[in-house]
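# Analysis of the macromolecular model
The chain contents come next:
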Amino acid sequence: MSNILLSAVLLVMLCGGEYAYANIEVKFLEGAPKDKFVFKNTSKCNLQNVVLKVDLSNSKGGLIFDTTATGQGVEVFQPFEVTEGDLALTSSGKVKDGAKHLSLNVKSINAKQSVSFTIDVDDTLERSELGNIRVSGNEITGATVDIKFDSEEPTTVAFNNQGKALILMPQCDA
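Residues numbered from 1 in each chain as written. Predicted model: local features only at pLDDT ≥ 70, side-chain atom pairs only at ≥ 80, totals over all residues. Heavy atoms only, no water.

## A short note on the sheet that holds strand β7 (residues 87–89)
The 5 strands lie next to each other as β7-β8-β4-β11-β12, forming an open sheet whose pairing is antiparallel. Each edge of the open sheet is held by one strand with a lone partner, namely β7 and β12 (155–158). When the angles between neighbouring strand axes are averaged without regard to direction, this sheet yields 20°. Pairing geometry for strand β11 (residues 144–149) and β12, over 4 bridges, is antiparallel. (Pairing = 2+ DSSP bridges. Helix = DSSP H or I, 4+ residues; strand = E, 2+ residues; numbered from the N terminus. Axes fitted to C-alpha atoms, helices over the stretch in contact; angles between N-to-C directions.)

Laid out in structure tokens, this is it:
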């Protein structure tokens, strides 16, 4: 059991379950022509000033962001586009074609709400399950998402073979 999860369980046991925990459910949704990343606050806590980072560098499929017609991607490309919530890239307004990392600032994610964006993700395998322009859950395995909010230390988790990651955060005031 991870140290964060163990700490959360112990706090609930010691405090009679009076505290709320800020859990973020992350989903990668393969789509045509746009892939989507959804960050859902599954807790009772409103989160402010959140920094989210997506890192594809350790993915089984050698995933990259395909944002222009030229470069490393295959056929269809899509630039970064916010679809829900108040979030923005931390650097410029663009994700470089072939990049494996992106970082976002999120002003807030209210309890039970989501923020999301679309972009094209391609794999770089010679032989891939769905072809290079589509990503299977297995190919995103090993990619990570990192979250940091308030004064907490960053927490990093890996995507599973279903394109999901669950970030268990410390207590917050509900």
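## So, the nonpolar core
Residues Phe37, Phe39 and Phe65 are the most contacted members of the largest nonpolar core, which totals 36 residues. Among the secondary structure elements, those contributing two or more residues to this core are β2 (24–29), β3 (35–41), β4 (47–55), β7, β8 (101–109), β9 (114–119), β11 and β13 (164–167). Beyond its immediate sequence surroundings of up to four residues, Phe39 is in contact with Ile24, Glu25, Val26, Leu52, Val54, Leu104, Gln113, Ser114, Val115, Phe117 and Val145. (Core = buried A, V, L, I, M, F, W, Y, C linked by side-chain atoms within 4.5 Å. Buried < 20%, exposed > 50% of the residue type's maximum accessible area, 1.4 Å probe, protein only. Contact = heavy atoms within 4.5 Å.)

## Things to note about the packing of aromatic side chains
Enumeration according to the criterion identifies 6 aromatic pairs in this entry. When the ring of Phe80 is compared with that of Phe117, the centres are 5.0 Å apart and the planes differ by 40°; the resulting orientation is tilted. Taken together, the positions of Phe80 in the loop between β5 (64–65) and β6 (81–84) and Phe117 in strand β9 put the pair 37 residues apart, joining distant regions of the chain. Three or more aromatic residues joined by ring pairs form one cluster here, namely Phe28, Phe37, Phe39, Phe65, Phe80, Phe117 and Phe159. (Phe/Tyr/Trp six-rings, centres within 6.5 Å; stacked < 30°, edge-to-face > 60°.)

## A few points about the pairing of β8
Note on strand geometry: in a regular strand, side chains alternate between the two faces of the sheet. Here β4 runs beside β8; their pairing, made up of 8 bridges, is antiparallel. If you follow Val54 over to β8, its bridge partner there is Leu102. Direction of pairing for β7 relative to β8: antiparallel, over a ladder of 3 bridges. Residue pairing in the sheet places Ala88 in a bridge with Asn105 of β8.

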